[in-house]
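# Coordinate inspection notes
Each chain, written out:
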Amino acid sequence: MYDIAVQVPGRNPLRGSYGAACTTARRVARVLTLCLLFLPAAGCQVLDGVLTSTFMPSPEQEIEFGVEVAREIEKGLVFVDDPEVVEYIRRLGRIVVSNSPQDAVVPTTFYVVQNGEINAFAIPGGNIYVHTGLIEASADEAELVSVLGHEFGHVVYRHGMEHAARAQGYGAMQQIFLGQEAGGIATLAAGMITQGVLLNYSRSDELEADSLAIPTLYSANYDPSGMVTFFETLKDRYGETSGGVGTLFASHPPTSDRIERVRQSIATLPPKDELYRPVNDLRRVQARMDQLGLTADE
Ligand SMILES: [Zn+2]
């Protein structure tokens, strides 16, 4: 999935461009040499006579990058530190992580952010930020967990990291991570945020994240149709555009087609009697947020 290749010939992402006189064989030799130098971080292969190269940072490098991204992004966030609210979201987060069919390569930490926009987002390195507006708008816990599961999907599949690598150029990113230049990763993180690259997910990213959330809900005994009703609520409220939905679905709002895909995916799950849509703990936390003045004024 992550063998999204930068092709050679053409512009070589690793080291500028080659002249027209450069033969394919020489290009191959050159890139293979670079690949060998950078192994094991680089993946190189020849497919159908086309040499491709990819680079994805190691989990440790993603964490290092994530620290810098968090440092930048958190400048604009107001954290909720009320233990009842934060512990609730972290408990749901632990349920998501432990019931996901796939593990993340980085540790995941959930934070609550004071913001009335219905939103949550994940950044490289594993931080997931949950808006109070999302908690407030969730009709039951299955709906809320469906979004946490979706965001965890972005962490598992390293979508933010992948977008950063693609935007920067795999070779250039490789050099930053392998280089000794002081502040290189921090500069990269700041640039990615300024360009809005990290959360600019593709439609296939969104579908992939959805596809992780559904079995996660099911495994945790939440009714996966919570995802459908949450999407429908958003669609009814905002229409099939991203307006007002924030970065949660900025690029790919929950369209009828996407909702239908979720429905179909749910239909393939074996029948299970114990699938719940609990409300009690959520109502308690919503009331707590109200008490603390963290909810939108009606
Ligand atoms: Zn998403």
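Quick notes on the rules
Residues numbered from 1 in each chain as written. Predicted model: local features only at pLDDT ≥ 70, side-chain atom pairs only at ≥ 80, totals over all residues. Helix = DSSP H or I, 4+ residues; strand = E, 2+ residues; numbered from the N terminus. Buried ≥ 20, exposed ≤ 12 C-beta atoms within 10 Å, placed from the backbone. Contact = placed C-beta atoms within 7 Å. pLDDT = per-residue confidence, 0-100. Pairing = 2+ DSSP bridges. Core = buried A, V, L, I, M, F, W, Y, C linked by C-beta atoms within 7 Å. Axes fitted to C-alpha atoms, helices over the stretch in contact; angles between N-to-C directions. Expected span 1.5 Å × (residues − 1).

## Section: the overall build of the protein
The helix and strand inventory of the protein stands at 12 helices and 6 strands. Every one of the 298 residues in the protein was classed for burial, and the buried ones make up 42%. Across the protein, the fraction of contacts at a sequence separation of at least 24, relative to all contacts at a separation of at least 6, is 70%.

## Considering the confidence of the model for the protein
Put simply, the protein has an average pLDDT of 81, and 77% of its residues get 70 or more. Long-range and interchain partners of residues 1-52, a stretch whose pLDDT sits below 50, account for 57 contacts in this model, where long-range means more than four residues apart.

## Description of the pairing of strand E6 (residues 127-131)
Burial of E6 is extensive: 5 of the 5 residues sit out of reach of the surface. Residue alternation in E6 divides its side chains into two sets, Asn127, Tyr129 and His131 and Ile128 and Val130, and both sets are buried. When strand E5 (residues 120-122) meets E6, the two strands line up antiparallel, connected through 3 bridges. The partner of Phe121 across the bridge, within E6, is Tyr129.

## Looking at the nonpolar core
Among the nonpolar cores identified, the biggest contains 68 residues, and Val130 and Val145 are the most heavily contacted of them. The element contributing the most residues to this core is helix H5 (residues 141-156), with 8 residues. With residues near it in sequence (within four places) discarded, Val130 still touches Ile89, Phe110, Tyr111, Val112, Val113, Ala120 and Ile135.

## A short note on the environment of Val80
The residue Val80 is located in the loop between helix H2 (59-73) and helix H3 (83-99) in this model. Here Val80 falls in the buried class, since 22 other C-beta atoms lie within 10 Å of it. Sequence separation between Val80 and Val112 is 32 residues, and the spatial gap between their C-alpha atoms is 5.4 Å. What Val80 contacts, discounting residues up to four positions off in sequence, is Val85, Val86, Val112, Val113, Gln114, Thr132 and Leu294.

## Considering the sheet that holds E6
Within the open sheet, the 3 strands sit side by side as E4-E6-E5. Their pairing is mixed. With one partner strand each, in any of the chains shown, strand E4 (109-113) and E5 form the two edges of the open sheet. This sheet shows a mean twist of 20° between the axes of neighbouring strands, independent of strand direction. Pairing geometry for E4 and E6, over 5 bridges, is parallel. Pairing of Phe110 across the sheet is with Ile128, part of E6. In this fold H5 packs onto E5 and E6, with an angle of close to 20° to the strand it touches most, E5.

## Thoughts on helix H10 (residues 225-238)
In this model H10 runs 20 Å from its N-terminal to its C-terminal C-alpha over 14 residues, within 8% of the 20 Å that 1.5 Å per residue would give. Buried within H10 are the following residues: Gly226, Met227, Val228, Phe230, Phe231 and Leu234. Each element contacted by the buried residues of H10 is listed here: H5, helix H9 (203-219) and helix H11 (256-267). Just beyond H10, the residue with positive phi is Gly239, at close to 80°.

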